[in-house]
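# Fold and contact review
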Amino acid sequence: MILFRYLSRELLTTMAAVTLVLLMIMMSGRLINQLASAAAGEIPLEVVFFTLLLRMPSFLEMILPMALFISVLLSYGRMYAENEMSVLSATGFSERRLLAYTMIPGFAVMSVVGTFSLYLSPLGAEKMEDLYEKQAEMTEFELLVPGRFQSMKKGSRVTYTESLSSDKTVMQQVFIADGDTLMLADEGSQYFSPETGSRFLELHNGRRFDLDPETAGLQVLEFERYGVKIADESEERRKVRKDAVSTLDLLSSTDPKFQAQLHWRVSLIVMVPILVLIAFPLSKVSPRQGRFARMFPAIILFMVYISLLIAMRGMLEKERVPAVAMWALHGVYLLIGLALLIGPELLRRRHAGRML
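Since we're looking at a predicted model, the values are computed, not measured.

### Quick look at the overall build of the chain
Counting secondary structure elements, the chain contains ten helices and six strands. Within the chain, buried positions represent 44% of all 356 residues. In the chain, the share of contacts with a sequence separation of at least 24, taken over all contacts with a separation of at least 6, comes to 60%. Accessible area for the chain stands at about 19,600 Å²; split by element, carbon and sulfur atoms hold 62% of it.

### Comments concerning a nonpolar patch on the surface
On the surface, Leu334, Leu335, Leu338, Ile342 and Leu346 cluster together into a nonpolar patch covering about 440 Å² of accessible area. Residue placement: Leu335 occurs in helix 10 (residues 324-355). Taking the relative accessible area as the measure of exposure, Leu335 reaches 57% and is therefore exposed.

### A few points about the packing of helix 3 (residues 56-81) against helix 8 (residues 256-282)
At their nearest, the axes of helix 3 and helix 8 sit 9 Å apart, and the two run at 5° to each other. Our classification of the angle between helix 3 and helix 8 gives roughly parallel. Residues Glu61, Met62, Pro65, Leu68, Phe69, Val72, Leu73 and Tyr76 of helix 3 lie in contact with helix 8, whose contacting residues are Trp264, Leu268, Met271, Val272, Leu275, Val276, Ile278, Ala279, Phe280 and Leu282.

### As for the pattern of salt bridges
Taken as a whole and assessed by the stated rule, the structure comprises seven salt bridges. In this structure, Asp243 engages Arg55 in a salt bridge whose closest nitrogen and oxygen atoms are separated by 3.6 Å. Residue Asp243 is found in helix 6 (residues 235-243), and its partner Arg55 is found in the loop between helix 2 (48-54) and helix 3; the two are separated by 188 residues along the sequence. The pair Asp243 / Arg55 is uniform in exposure class, with both members buried.

### With respect to the packing of helix 8 against helix 9 (residues 295-317)
Between helix 8 and helix 9, the shortest axis-to-axis distance is 10 Å and the interhelical angle comes to 165°. It follows from the interaxial angle that helix 8 and helix 9 lie roughly antiparallel. Where helix 8 crosses over helix 9, the two elements pack in a sense that is right-handed. Each of Pro256, Lys257, Ala260, Gln261, His263, Trp264, Ser267, Met271, Ile274, Leu275, Ile278 and Leu282 in helix 8 lies in contact with helix 9, whose residues at this interface are Ala298, Leu301, Phe302, Tyr305, Ile306, Leu309, Ile310, Arg313, Leu316 and Glu317. Residues of the contact of helix 8 with helix 9, tallied by class, amount to 16 nonpolar, three polar and three charged.

### Side note on unusual backbone geometry
Residue Asn83 is not a glycine yet carries a positive backbone phi of 65°. In this structure, Asn83 sits in the loop between helix 3 and helix 4 (84-90). The exposure class of Asn83 is partly exposed, given its relative accessible area of 36%. One non-glycine residue, Asn205, lies in positive phi territory at about 55°. As for its placement among the helices and strands, Asn205 is situated in strand 5 (residues 199-212). According to the relative accessible area criterion, Asn205 is partly exposed, its value standing at 44%.

Definitions and cut-offs
Residues numbered from 1 in each chain as written. Predicted model: local features only at pLDDT ≥ 70, side-chain atom pairs only at ≥ 80, totals over all residues. Heavy atoms only, no water. Helix = DSSP H or I, 4+ residues; strand = E, 2+ residues; numbered from the N terminus. Buried < 20%, exposed > 50% of the residue type's maximum accessible area, 1.4 Å probe, protein only. Contact = heavy atoms within 4.5 Å. Areas by Shrake-Rupley, 256 points an atom, 1.4 Å probe, with all protein chains shown as cover. Patch = residues over 30% accessible without salt bridge, like charges linked within 9 Å, V, L, I, M, F, W, Y side chains within 5 Å. Salt bridge = Lys/Arg side-chain N within 4 Å of Asp/Glu carboxyl O. Axes fitted to C-alpha atoms, helices over the stretch in contact; angles between N-to-C directions. Parallel < 35°, antiparallel > 145°, perpendicular 65-115°, else oblique. Left-handed = near helix turned anticlockwise from the far one by under 90°. Nonpolar A, V, L, I, M, F, W, Y, C, P; charged D, E, K, R; others polar.

Written out as structure tokens, the structure reads:
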């Protein structure tokens, strides 16, 4: 138990440090994008940090497997480089027993990743979807001040309204200049489509003027009701909407996108013990090589693994490959781990047999 606690402490301490570094990297990039959106007026500044908090489980479900993979490489690589593993081997501590001890923290991380992937991440995405829906109902026209010309959409649109209703959804005496198009209307109202995630503006009793810059011609269109799409649903929100579907709903759905999402969530769990199995033999280095000797090929192997899983998910959504393809990928990496673990011993036995 003393040895098990020592190994577990080494792994979990290194894993915590790696997780913190990777989480800060991911969140800083995300924070920059969110602050840019807030500066552009696309989202309120007060929800930026709240959305980061809600997305924390989805960050961790990706980070924890990689952090465990790197921690095995670093911790055991140090122990091999400093001859601690040689001492353990001399006292009769077998590699099989060491692998069993390593798998115990691995299964603990696997359960945490499963909790994030199957429950907490969809729950956080659901809360974000509710937040996005509330924000989608509030368009840029809520920022209008009656009786003042205001620049919108990064300066490409100028909007004026004489008055606004108390809920800021109906405008009176509307003026909108968007590029070479000018629109005047007695009234304008807005609405949000929850099915498509798009926002629309509907003008009543007005005129539309279209100027042709080449011929200086002017086309005038009178209308009783004129609808225009203000904004489509963002790519971010489409992703959040898909992530917000609960695992139970995914199980009962036959939609290819939902089935791909289900296989992805389970794959994040399955990959944890496979990564441990791969990292364990790759951490074995000689004292002259140093603890980082095999870090680069190991990271390349991991990046190919996760990249192929992401590609498989995309192809599953488009029904280009069957679901078994994703599990075949897990099988290939499982075989790679077994080959790295058993292969050197088989080669040594074969070489010894030839010598005899």
